[in-house]
Structure formats: structure tokens, C-alpha cells
Amino acid sequence: VVIIKLLRNLNSGGGKVGNKITGWAVWFLVLVLSAFIVPYQFLSGIPKVYGAFLYWGLFALAAMISVGIITARWRE
Amino acid sequence: MNSYYIYLAIGLYFILGTIVAVYARRGMGRGMADFFLANRAVNGVVAALTYSATTYSAFMMVGLAGFTYIGGVGAWGFELIYLSGLVLVAFFGPRFWLAGKKYNYITPAELLGDRYQSRAVQVITAITSIIFLIPYSAVQLIGIGTLVEGMSKGAIPFMAGLIIATVVTVVWAFMGGMRAVAWTDSLQALIMITISTLSVVFIIHRAFGDVGTMFGLLEKNYPGWLTVPGPGFFSFNTFLGLSLPWFFFSLSNPQVSQRLFIPRSLTHMRIMVMGFLCFGFVYTLISILWGFSARLLVPGLANGDLATPALLSMNVIPPVIALLVMIGITAAAISTINSIVLTLSSMISQDVIKQIIPAVEENNLLLTGRIFVFLFTLGAFVFATMRLGLIAVLSVASSAGLLVTVPAIFGAFFWKRGTAAAVVVSILAGGTAALLFQFANIKPLGLGTGVWSGIISAVLFIVVSRFTVPPEAKAEEFMSYIDGALKEKNAI
């Protein structure tokens, strides 16, 4: 919930467009890098459904919610 | 399985799709934008379904299930990183859509050619797409031929399956262009998701009772399949080499990026993007569960690609379910092929022929495009009948080869200093590297072809741009328009 609130703040307000793109790009970069690093570095010893399987599922949901937040502001 | 039932199922599927295609072509105009982009007026739900059906091919229920069978949970991570590549559409989607509407672009290559003020850029981008996507289409046809032959235990020969798939592809794409393809794709996407979901639910219920029990058995009998690198298939380098090029698929694959031109409005584009994300997540989960089921029910197969056929031939699967799964996989393959041949036909007419003969009239250009729908499908058919190892190499190299256009696309919207010479050099050198590395199986530092083709094209695009002259006036005009229009639409 905290992350979603932060992302919604990133999406609103009167900041420069360039700053918004940079903010979102950094968030997505961290998100995607974590999808490569976390399962290999920190979850390789957990052969359970709540290991890499759950992490990648949550990663995808975070990406989907982020895209939903960005596109929600588009106008006709 | 009795070949009569297979022919009957395929016949019903073809008749249903043709009715949809005939309905879709009503009111179709005569222009290029009308035939190839459905006049940029596709509603969000249809756009989401055609985007999904185009993106997801027979690979999902055969290849991805096979990856899961052999390598475990890494297949889930790879495919979800691929899905998360849609975050790029949140930034590039409105830009493509606005530029397409303002400058009447038909193809992504045309956008690049105009933005960099270079016919060479347009022609080379189009030809690169053709080189990598025809073999990719051929592999889809081979998949259908092999599946039908296997399901009928040889009663329906491989060639008959190929001919059926080729005819279906040509009829629907030739008949109504993007309208027919988008609507038949929608039908096929619904077939794909419904049949695959019901089949997996049926198998899990029949064989294990519930998903929890299935994962419990995996944790007990195959714990390595729930971690990476797990059984060894998904080493980090393999995972990176597979995932990185596919992360950019929404920009690099023209049959997908061309769909950024077709929504009626940005609201409809939003429905397209979110609809695709939901479809993709569910379809990926289904394919992974299918692969895990195969791991538990038919262990011991040497090749992951055999997992789905082996599962379908088990006694636990009633023939009617196996038949439906076959139709679902066929729909996934055909919906991908017809979108590819339609896009490539628009590229050969708009990006190659029109550049060679600028005075060509639009109705002649459109006729040429429609003829190429037939010729490209025929080309894929001929490739498929040869079953050459070359096709597999080119098909595997397609994601790495198409990746080389991505730096130019980033530059078009975000970097005024990008030059036409840099685009040409980066695409030619990156594409050549992709082919060379794939053919010779070269893996510097153990990294896959896609990683290197991406690095080579990006570095060359930046370096060559520094030493050549950009089209400053066009860059200024293009980017100023896009920035202003984005503000109006409240897009980032």
C-alpha cells in the first residue's frame, strides 16, 4: 500500500514531465533488476511455492499495477 | 484419435472464424490505413484480444510448458519478465499513437524513416523484420503440422496440417485485413484462454485434487523445480539471454508495435494494455501449471517439447479435452502467423515498394500489399516444408535480431542527436551479429545472442550519432509536437 501511495504521488502534481519519466524509469529499473537478482541470490535455497514462484508473481502484479496507475491519467 | 473428429473440429473452427471475418470486413474502406490499421478505430477490448492473440503463439502451451517441464520455475520468471515489458507501452504507446495519427504512419518502419529523414532507415528496418519473422512464422506452421500429425497418430499427414494452417491464414488476412485479423484474433484469444484454463483445471482436479496438493507433490518429489537455477536449465546466463530481448518485444516486434496505431483513442489503448496484461498473466500461469502437471504425470521425457503431446496422450485426458487443446494451440499459432504476414505485407508495400516507386497510386499499393499476404504465407509454408535446421536458428534468433531496432526507437522519441547513419549502422551490425552468434553458437562471457545484439546496436547507435549529422529540423518539429500532444492527453 505504501509503495502504491508513493507511485501515485509520483504520477500526480505539477512536476516536470522529464522528472516524472525519470522517476518511473528508476522504479521500473529497480523492479526489473530485482526480478533478475532476488530469485537467484536470495531465494535459490527455498524450494517452496512461496519462494521464487511467489516472488515473480508479485513482481508481475507490481508491474501491472504501476502501468495501471500511469495509464489511468490518460485523457480522450 | 480418429482423424474424422480432428477434421470436424478444424472445419468448425474455420467456419466460425470465417463468419467472424466476413462480419468484420463490412464497411471496410479502400485505403492503406483502412486495410492495414482498421482505420485506427479499433475498440479497446478487440485491441486487447488481438494484441494477446498476436503475442502468444503455440510456444506457450508447447514451448513454455516444455521449459517448465525441463527447467522448473525459471520459465515462470522468464515469461513474466517478458510480460512486464509492457511497462514500455505506458511510455511509448501514446507516443506511437499520436505520431501515427498526426503523420499517417502505417508501419513502425515508416515512423523511423520519417523521423530520421531517411529512406534507407525505412527500407532496412522493414527488410530486417522480414528476414527474422518469416522463419518465425514457418516454425508456427511446423508446430501445427506436427501437432495434427501426432494427434491423429499419422492418419493426417504433416503436409495436410501445413496446408490447412496456410489456407486459414491467407483467407482471413486477405479477406479483411486488420479488421478481419483483429476480430478473428479476438475469437481465437477467447478460444485459447477458455480451453487452456478448462483443460488445466480438469487435469489438476482429476490427477491431484487441487493446486495445493500438486505443489505439495512438487515440493516433495521435485524440489529443484521450484528454485533457480533448479535442475540446471535456467542458469543465470541462460535466463538473462532469454529474458532480456523479450522484455523489449512490445517495441521490437513490428506486428506488435503496429498495434499501437490501431486503438480508437488513448482510453481504448489503456483498455488494450490492461486487458493484455490480465490475459498474459492468466495464460502464463495456465501454461506453467500445464508444464508442472506434465512433470508429475509423465516424468522421464528427454525433451521438454514432448511434454504436451505426452500429457495429451495419457488416459487421464478424455479425447474431447485433447481435441480442444489441439484447437487452442492451433488458434494460438494461426493468430500469430496472420498478424505477422499482415504486418510484413504492409511493410513491403509501404516501406520498400513505395520508397522505390514513390509515384505509385494507393490502390495499386494496397493491391500489392494484399498479394504479399499470400506470398509471405506461401514463403512461410515453403520454409516449413523444408524443415531445415536453418529455420530453427533464424526463428530462435528472431528476438535477438529484432532487438536491434530498439535503440533507434528510443532515439526517435527521446534523443534529438540520433542520426540516420547511426540507425543504419546499428541495425545492420546488430542484426549481422545476431545471425553470426546464433549460427556459430558464439557466447562471449557466456551471455546469449540477445544480450550482445542489444549491446552492439545500442553502443553503435550512440557512437555513430556523435560523429554524424542529425536531421535537426525534423527532430525539433517531431518532438515538439509529441511533447505538446502528450501534455494535452495528460500522458507522461
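Residues numbered from 1 in each chain as written. Chains lettered and ligands numbered in written order. Predicted model: local features only at pLDDT ≥ 70, side-chain atom pairs only at ≥ 80, totals over all residues. Heavy atoms only, no water.

**Here's the deal with the overall build of chain B**
What counts here: Strands here mean DSSP runs of E at least two residues long; helices mean DSSP runs of H or I at least four residues long; both are numbered from the N terminus. The size measure is the radius of gyration over C-alpha atoms, and the globule rule it meets is 2.2 Å times the number of residues to the 0.38 power. Whether a residue is buried, partly exposed or exposed follows from its accessible area with a 1.4 Å probe, protein chains only, as a fraction of its type maximum: under 20%, in between, or over 50%, in that order. In what follows, residue pairs with any heavy atoms lying within 4.5 Å of each other are defined as contacts. Areas reported as accessible are Shrake-Rupley estimates using a 1.4 Å probe. Residue values count occlusion only from the protein chains shown. His is not counted, nor are the chain ends, whereas Lys and Arg count as positive and Asp and Glu as negative. Where a charge lies is defined by one atom per residue type: Lys uses NZ, Arg uses CZ, Asp uses CG and Glu uses CD.
Tallying secondary structure elements over chain B gives 23 helices and zero strands in all. In terms of C-alpha radius of gyration, chain B reaches 22 Å, essentially the compact-globule figure of 23 Å for 492 residues. Expressed along its principal axes, the backbone C-alpha trace of chain B runs to roughly 65 × 50 × 45 Å. Every one of the 492 residues in chain B was classed for burial, and the buried ones make up 63%. Residue pairs in contact within chain B that sit at least 24 positions apart in sequence constitute 86% of those at least 6 positions apart. If you sum the accessible surface of chain B, you get close to 16,700 Å²; carbon and sulfur atoms cover 68% of it. One way to put it: in chain B the 27 positive side-chain charges average out to a point 2 Å from where the 17 negative ones average out.

**Things to note about the layout of surface pockets**
Threshold: Residues are said to line a cavity or pocket when one of their atoms sits within 4 Å of a point; the points come from a 1 Å grid over protein atoms alone, cavities being sets where a 1.4 Å probe fits but cannot get out and pockets being open sets with protein on both sides within 12 Å along at least five of seven lines. Grid points are joined across faces, edges and corners, and a volume is the space filled by probe spheres set on the points.
Of the pockets and cavities examined, the second largest pocket occupies roughly 500 Å³. As for the second largest pocket, its lining consists of 19 residues, of which A:Ala25, A:Phe28, A:Leu29, B:Leu88 and B:Phe247 are closest to the centre. Of all the elements in the fold, those that place two or more residues in the lining of the second largest pocket are helix 2 (17–41) of chain A together with helix 6 (87–103), helix 11 (236–247) and helix 20 (406–414) of chain B. Looking at the lining of the second largest pocket element by element, the count peaks at nine residues for helix 2 of chain A.

**Topic: the interface of chain B and chain A**
Counted only if it meets this: By definition, the buried area sums, over both parts, the 1.4 Å-probe accessible area that each loses when the two are put together. Each reported salt bridge corresponds to a side-chain nitrogen of Lys or Arg within 4 Å of a carboxyl oxygen of Asp or Glu.
Counting from both sides, the interface comprises 48 residues of chain B and, opposite them, 36 residues of chain A. For the pairing of chain B and chain A, the buried interface totals around 3,800 Å² over both sides, and the portion due to carbon and sulfur atoms is 75%. Of all residues in chain B, B:Val228, B:Asn490 and B:Ile492 give up the largest surface area on contact with chain A, accounting jointly for 17% of the area buried on that side. Taken together, the links from chain B to chain A amount to one salt bridge.

**A short note on empty space enclosed by the protein**
Residues and elements named next belong to chain B. Filter applied, for reference: Side-chain classes follow a simple rule in which Ala, Val, Leu, Ile, Met, Phe, Trp, Tyr, Cys and Pro form the nonpolar group, Asp, Glu, Lys and Arg form the charged group, and the remainder, Gly included, forms the polar group.
Applying the stated criterion to the full structure yields two cavities of 30 Å³ or more. Of the pockets and cavities examined, the largest cavity occupies roughly 60 Å³. In this structure, the largest cavity is lined by 13 residues; those nearest its centre are Pro-108, Thr-125, Ser-252, Pro-254 and Thr-405. By residue number, the principal contributor to the lining of the largest cavity is helix 7 (residues 108–115), which donates three residues. Of the residues that constitute the lining of the largest cavity, the class distribution is seven nonpolar, six polar and no charged. The space that makes up the second largest cavity amounts to roughly 40 Å³. Lining the second largest cavity, in full, are Met-61, Met-192, Ile-195, Ser-196, Tyr-283, Val-325, Gly-328 and Ile-329. Those elements that place two or more of their residues in the lining of the second largest cavity are helix 9 (158–207) and helix 16 (319–356). When the residues that make up the lining of the second largest cavity are grouped by side-chain class, the tally is six nonpolar, two polar and no charged.

**Some thoughts on the packing of aromatic side chains**
Ring pairs (aromatic) are described by centroid distance and by the angle formed between their planes. Residue and element names in this part refer to chain B. Here is the rule we go by: Whether two aromatic rings pair depends on their centres lying within 6.5 Å, for rings of Phe, Tyr and Trp, where Trp uses its six-membered ring; planes under 30 degrees apart make the pair stacked, over 60 edge-to-face, and the rest tilted.
Within this structure, the stated rule accounts for 42 aromatic pairs over all chains. Taking 5.6 Å as the distance between ring centres and 45° as the angle between the ring planes, the aromatic pair formed by Phe-96 and Phe-413 counts as tilted. Of this pair, Phe-96 sits in helix 6 while Phe-413 is found in helix 20, placing the two residues 317 residues apart along the sequence. Seen from their ring centres, Phe-247 and Phe-248 are 5.3 Å apart, and the 90° between their planes marks the pair as edge-to-face.

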